[in-house]
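# Coordinate inspection notes
Spelled out, the chains give:
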Amino acid sequence: QAGPFLARHGIRPKAVFHVYENQTWEKGLRHGLRRALPATRIVGCQQSPFSELYPNMIPSSNELENGRWPDCVLALGRNSERKLSKVAGAARVKVGGLMRQDSVFSIPEDCKPQHASVMRLLCATGPNYQESLELISKVHSAVASLSNVSLLINFHPLTSTRFRAG
């Protein structure tokens, strides 16, 4: 629903970043974005360690062939990069670091969106108050000095109305 909602409201981000574990909700997000905003680049950010016991993180050939996988996945480290690259190809997997570390702000050049005169950055929070506050604070700090970036915050539906109001 996010892709059609953004398109209906005239919001056409150059890129959307989401947490990558290759779960069903992510697949739905990517499907909606691709359908409604085909020019938007989708970047998945791996946030949990890679485990052989969690095969969901490995994309199927169907996902890769039919555009159901992110354009680029930022892996936690070289080990995850190697494992994902074996299936998805090296061009689509880069080491990016954790979202909660400073390394996330030095994204590889081939994963960056093309710059326009004004960019909209969509920050989607989770249901946890502390994690949402930390995420919003870090994203705001990262873009505060950029005059060509408009930051949009999309709160998780379980986030309290009081917190959303500021």
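The structure presented is a predicted model; accordingly, all values stated were derived computationally and were not measured.

Check the secondary structure of the protein chain and you find six helices and six strands. Here the protein chain holds 166 residues, and the buried ones make up 37% of them. Of the roughly 9900 Å² of accessible surface on the protein chain, 54% is carried by carbon and sulfur atoms.

Let's shift gears to unusual backbone geometry. Its identity as a non-glycine residue notwithstanding, Asn22 has a phi of 65°, on the positive side. As for its position among the elements, Asn22 is in the loop between strand S1 (15-20) and helix H2 (24-36).

If you trace the backbone, Glu63 turns up in helix H3 (residues 61-65). Exposure remark for Glu63: the relative accessible area of 7% places this residue in the buried category. Excluding anything up to four places from it in sequence, Glu63 contacts Asn22, Lys27, Ile58, Arg68 and Trp69.

The next point concerns the environment of Tyr54. Topologically, Tyr54 is positioned in the loop between strand S2 (41-46) and H3. The exposure class assigned to Tyr54 is partly exposed, which follows from its relative accessible area of 29%. When the C-alpha atoms of Tyr54 and Glu21 are compared, they prove to be 9.2 Å apart, with 33 residues separating the residues in sequence. Setting aside residues no more than four positions away along its own chain, Tyr54 makes contact with Glu21 and Gln23.

Across the protein chain, the average pLDDT comes to 81, with 86% of residues at or above 70. Ranking the elements of the protein chain by mean pLDDT puts helix H6 (residues 161-165) last with 74 and H2 first with 93. Confidence drops under a pLDDT of 50 for residues 101-105, and excluding neighbours within four residues, the segment shows eight contacts in the predicted structure.

Here Ile58 is to be found in the loop between S2 and H3. You can call Ile58 partly exposed: its relative accessible area is 28%. Residues within four places of Ile58 in sequence aside, it is in contact with Tyr20, Asn22, Phe50, Glu63, Lys83, Leu84 and Val87.

Analysis parameters
Residues numbered from 1 in each chain as written. Predicted model: local features only at pLDDT ≥ 70, side-chain atom pairs only at ≥ 80, totals over all residues. Heavy atoms only, no water. Helix = DSSP H or I, 4+ residues; strand = E, 2+ residues; numbered from the N terminus. Buried < 20%, exposed > 50% of the residue type's maximum accessible area, 1.4 Å probe, protein only. Areas by Shrake-Rupley, 256 points an atom, 1.4 Å probe, with all protein chains shown as cover. Contact = heavy atoms within 4.5 Å. pLDDT = per-residue confidence, 0-100.

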